[in-house]
Amino acid sequence: MTVEQQTSSAPARRRTRRDEIIEIAVGLFAARGYHGVSMDDIGSAAGVTGPALYHHFAGKEAMLVAALIPVSEGLLEGGRARVAEHPDDARTALGSLIDFHVEFALANPAVIALHLHELDRLPEEPRRQIRRLQRLYVEEWVNVLTNLRPELAAGEARVLAHAAFGLMNSTPFLGGEVERDRRAALLRQATLAALVGP
């Protein structure tokens, strides 16, 4: 399953060779850093020659764009879908957003690491597009939080939303000593407590 399929509420589509190459590139970029990976490294890991990759991508930068933009689009689409399922119940909508993002974070630690460390390597236009999608996703959380907690100003809700993302997006730094379902439960509890208090 691709990152895009994991974040989207749309039915899963058949995995393509391009999807496989992106997934391999994401893992390598996350492990070694963008500049520590060559097209030949990606080709070798994917079982093709480096030059054959140019059939799918113009270069490493294009792979990075192809990995990160669909993630941001999928998070926004998925977040909006979860909020729309609970138009009159902000508490349930918040729980649904948390469940959605925790599942994404546990399934995609390499993508999160890549995003944290390599986003600024993108050219201006795709970086701006990703930042815009992220802002829209944050606003889904802000709207739910201000509906649930009317005492919060939008700016305050935004601070809390970003703090929640810090908690949930900690997955690249979590070891395997705690079983996945328990990690998910702990992340959900901590995030809910950070957003609404005890």
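These remarks concern the structure in this document.

The rules behind the values
- Residues numbered from 1 in each chain as written.
- Predicted model: local features only at pLDDT ≥ 70, side-chain atom pairs only at ≥ 80, totals over all residues.
- Heavy atoms only, no water.
- Salt bridge = Lys/Arg side-chain N within 4 Å of Asp/Glu carboxyl O.
- Helix = DSSP H or I, 4+ residues; strand = E, 2+ residues; numbered from the N terminus.
- Buried < 20%, exposed > 50% of the residue type's maximum accessible area, 1.4 Å probe, protein only.
- 1 Å grid on protein atoms, 1.4 Å probe; cavity = no way out; pocket = protein on both sides within 12 Å on 5 of 7 lines; lining within 4 Å.
- Points joined across faces, edges and corners; volume = space filled by probe spheres on them.
- Nonpolar A, V, L, I, M, F, W, Y, C, P; charged D, E, K, R; others polar.
- Core = buried A, V, L, I, M, F, W, Y, C linked by side-chain atoms within 4.5 Å.
- Contact = heavy atoms within 4.5 Å.

**Re the pattern of salt bridges**
As enumerated under the stated definition, the model contains 12 salt bridges in all. With a closest N to O distance of 3.0 Å, Glu20 and Arg17 form a salt bridge. In this pair, Glu20 and Arg17 are both assigned in helix H2 (residues 17-32), 3 residues apart and thus about one turn of the helix distant. For Glu20, a relative accessible area of 26% translates into the label partly exposed. A salt bridge links Arg188 to Glu103; the shortest N-O distance between them is 3.3 Å. Here Glu103 lies in helix H5 (residues 90-107) and Arg188 lies in helix H9 (residues 180-196), a separation of 85 residues in the sequence. The class for Glu103 is partly exposed, based on a relative accessible area of 32%.

**Let's talk about the layout of surface pockets**
Its boundaries defined by the atoms lining it, the largest pocket holds a volume of some 530 Å³. Elements supplying a minimum of two residues to the lining of the largest pocket: helix H4 (60-84), H5, helix H6 (109-118), helix H7 (124-148) and helix H8 (154-168). Looking at the lining of the largest pocket element by element, the count peaks at 7 residues for H7. The residue makeup of the lining of the largest pocket, split by class, is 12 nonpolar, 7 polar and 4 charged.

**Let's talk about the nonpolar core**
Core analysis: the biggest nonpolar cluster contains 57 residues, and Phe29, Ile42, Met63, Leu68, Leu94, Trp141 and Leu195 have the highest contact counts within it. If you list the elements that add at least two residues to this core, you get H2, helix H3 (39-46), H4, H5, H6, H7, H8 and H9. Contact partners of Met63, with chain neighbours within four places excluded, come to Ile21, Ala25, Phe29, Met39, Ile42, Leu53 and Phe57.

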